[in-house]
Amino acid sequence: MNEYIYYPGCSAKSNAKHYEESILPVFKEIGIKLDEMEDWNCCGATASLSVDKTKAAAINGRNLSIAEKADKDIVAPCAACYLTLKKSNQFLMSETEEAKKILKDLESAGCEYKGTVKVNHPLGLFTDEIGLEEIKKKVKRKLTGLRVACYYGCQVVRPYTDFDDPDYPVRLDNLMKAIGAEPVDYSAKTRCCGGSLTANLEEAGLRLNYILLKEAKRKGADAIVTICPLCLFNLEITQNKIIKKYKDNVKIPILFFSQLMGLAFGIPKEDLGFSRSMISLKPMWEKLGNGGTNE
Amino acid sequence: MEIQEKIKYEEELDKNFFDEIKEKSGCDEISQCIQCGTCSSSCPMAVYMDYSPRKIIAMIKSGFKDEVLKSFTPWLCASCYSCQVRCPSNIKITDVMYALKRKAIKEKIYPSRFSIPVMDKEMHKILTKNGRSSEVWLMLNLFLKTRNPLGLIKMAPLGLSLMKTGRMSLKKESIKNKKQLRKLLKAVKEGTK
């Protein structure tokens, strides 16, 4: 198996601390050492691509170069980081004049990049590299009875769909089944949460997130499980306003998939960032009894 | 009642615009558009757009440069790539939208009081300077730039929730090797000798 380096991105250090707090222990439990990339810089997400394509590729080239020097492949849990690093990687290796020039610039700044690094999302690693059979072996308490809506969002499955389907992905559903939870048939699984637009355009943001929350409620989910920090953020912060505007109680916990994995692996729930939820988790804990039934 | 005519004569169109966008987006496939509308029907933001993605593509092909670059449409693209993976002609529509945003910024004809281009520019500025973005400072700058103090007040409950759950960082984030980043970005700008 390859060796991996952890690229946190900005969210994991601020509003999505519980993503980092849960994904690192999960990797440890699986037996994969995951050191944080030394002096990584922000990927620029959708912003840099909207302003300056060349600079966006260059700053991501710096990150790729750091991983290459360490001779490791990248693990990027944030959907936007995953997409942006992958996009830049592809662009830098496109052999166009523009890309060759950026590679030279990288070299001149001491960030030489040859193109050997693969960018991974933890979901793809868990389901396709490590495999669900291995995951099942780690489960100490099955999350029996917990109904989850598996929400993939956009940027992990589109447009670089090297491990799942862009419109109807199933990897997260399968992973949740492997840890004993029950995925509901969540038809909104790849609908957009509005991304960075939600914070700026309230009307659109509330409408898009209402669709996602309502569908999860309608299918009887106890929680929505996400693989993206921005999806989690949008789905949490819009709930109160949506309840007020649409007069519909769509209150539902939004969790990172790694939090539930950690719980199933027997890691104490206090160590998985559950206290950072803006939504009460009480009904969920009641359903799970002691944080999951013993096998 | 006065009837407003919305006519543009062929000589008023920009004949180079199509080629520029094709080149800038790396998207030769634009010529293959069959106007089927799959993009517009897949787009979660289409209802808020002044021109739907399908129309934008048609307008690019016909040379409606001003209308396209002044449009809100590219700025309302949430970058969800639904249109892109579904397009039967394999047009990288999301990448076309990015190319339009960059061109509108470069030619300074983007909607300047609209918060989205302002946020993108601010975030890009912060991270090319410090190597990392800092959410709180980004939001502050955004409200200053869009002259929207009310927006800031409206954010207070959210700020409180984030603080309560320990998810707000007031620190101005920065990488250690800023010198290297500066050198890299300078080289990108100037070209290596």
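Just so you know, these numbers come straight off a predicted model, no measurement behind them.

**Comments concerning the overall build of chain B**
Counting secondary structure elements, chain B contains 12 helices and zero strands. Reading the secondary structure of chain B in the N-to-C direction produces α-α-α-α-α-α-α-α-α-α-α-α. In terms of overall dimensions, chain B has C-alpha extents of about 55 × 55 × 35 Å along its principal axes. The buried share of chain B, taken over its 193 residues, is 51%.

**Some words on the domain arrangement of chain B**
Looking at chain B, the domain boundaries give domain 1 (11-106) and domain 2 (115-190). One C-alpha centre belongs to domain 1 of chain B, the other to domain 2 of chain B, and the line joining them spans 28 Å.

**Digging into the side chain of Asp39(A)**
Its place among the elements puts Asp39(A) in the loop between strand S2 (34-36) and helix H2 (45-51). Here Lys176(B) takes part through its backbone nitrogen, which lies 2.7 Å from a polar atom of the side chain of Asp39(A). When neighbours within four sequence positions are excluded, Asp39(A) is seen to be in contact with Arg62(A), Ile66(A), Arg132(B), Ile175(B), Lys176(B) and Asn177(B).

**Structural notes on the sheet that holds strand S4 (residues 119-120) of chain A**
All names here are of chain A. Read across the sheet, four strands follow the order S2-S1-S3-S4 without closing on themselves; strand pairing throughout is parallel. This sheet does not close on itself; its edge strands, each paired only once, are S2 and S4. Bridge count between strand S1 (residues 4-6) and S2: three bridges; the pairing is parallel. Its bridge partner lying in S2, Tyr6 is registered against Glu36.

**A closer look at unusual backbone geometry**
Look at the link from Arg158(A) to Pro159(A): it is a cis peptide, with omega at -10°. Unlike most non-glycine residues, Asp71(A) shows phi in positive territory, near 60°.

**Things to note about the side chain of Asn130(B)**
Within the secondary structure, Asn130(B) is located in helix H8 (residues 115-130). Ignoring anything within four residues of it in the chain, the contact list for Asn130(B) reads Glu173(B), Ser174(B), Ile175(B), Lys178(B) and Leu181(B).

**What to know about the sheet that holds strand S6 (residues 182-183) of chain A**
Residues and elements named next belong to chain A. As summarised here, the arrangement of the four strands in space is S6-S5-S7-S8, forming an open sheet in which the pairing is parallel. Only two strands of the sheet have a single neighbouring strand rather than two, namely S6 and strand S8 (254-256). As defined by bridge partners, strand S5 (residues 147-151) adjoins S6 across two bridges and the pair is classed as parallel. For Val148, the partnering residue across the bridge sits in S6 and is Pro183. Its contacts with the sheet place helix H12 (residues 257-264) against S5, strand S7 (223-226) and S8, and it is angled at close to 70° to S8.

**Let's talk about the interface of chain A and chain B**
Of the residues lining the interface, 60 residues belong to chain A; the matching set on chain B comes to 56 residues. For the chain A face of the interface with chain B, the top three residues by lost area are Ser50(A), Val51(A) and Leu197(A), together amounting to 11%. Counting every contact that joins chain A to chain B gives four salt bridges. Note that Glu38(A) is salt-bridged to Lys176(B), the shortest N-O span being 3.2 Å.

**Quick word on the environment of Val47(B)**
Secondary-structure assignment places Val47(B) in the loop between helix H2 (38-42) and helix H3 (53-62). Overall, Val47(B) belongs to the exposed group, its relative accessible area being 62%.

**Digging into the pairing of S7(A)**
Residues and elements named next belong to chain A. The alternating pattern of S7 places Ala223 and Val225 on one face and Ile224 and Thr226 on the opposite face, and all of these are buried. Where S5 lies against S7, four bridges are found, and the strand directions are parallel. Each bridged residue has a counterpart across the sheet, and for Val148 the counterpart in S7 is Ala223. Pairing geometry for S7 and S8, over three bridges, is parallel. Residue pairing across strands places Thr226 opposite Phe256, the latter belonging to S8.

**Details of the domain arrangement of chain A**
Residues and elements named next belong to chain A. In terms of domain boundaries, chain A breaks down into domain 1 (4-120) and domain 2 (140-288). Taking the mean C-alpha position of each, domain 1 and domain 2 sit 25 Å from one another. In this complex, domain 1 contributes 23 residues to the contact, which on the side of domain 2 involves 26 residues. Between domain 1 and domain 2, a total of about 2200 Å² is buried, with carbon and sulfur atoms accounting for 66% of that surface. For the pair domain 1 and domain 2, the number of links is three salt bridges. One salt bridge in this structure joins Glu29 and Lys140, with 3.3 Å as the shortest N-O distance. Inspection of the domain 1/domain 2 interface yields seven residue pairs in polar contact (both at pLDDT 80 or more). Secondary-structure elements contributing two or more residues to the side of domain 1 that touches domain 2 are helix H1 (17-30) and helix H4 (79-92).

What counts as what
Residues numbered from 1 in each chain as written. Chains lettered and ligands numbered in written order. Predicted model: local features only at pLDDT ≥ 70, side-chain atom pairs only at ≥ 80, totals over all residues. Heavy atoms only, no water. Helix = DSSP H or I, 4+ residues; strand = E, 2+ residues; numbered from the N terminus. Buried < 20%, exposed > 50% of the residue type's maximum accessible area, 1.4 Å probe, protein only. Domains from an automatic or database assignment. Polar contact = N/O pair within 3.5 Å; in protein donor to acceptor, adjacent residues only side chain to side chain. Contact = heavy atoms within 4.5 Å. Pairing = 2+ DSSP bridges. Axes fitted to C-alpha atoms, helices over the stretch in contact; angles between N-to-C directions. Buried area = accessible area lost by both parts, 1.4 Å probe. Salt bridge = Lys/Arg side-chain N within 4 Å of Asp/Glu carboxyl O.

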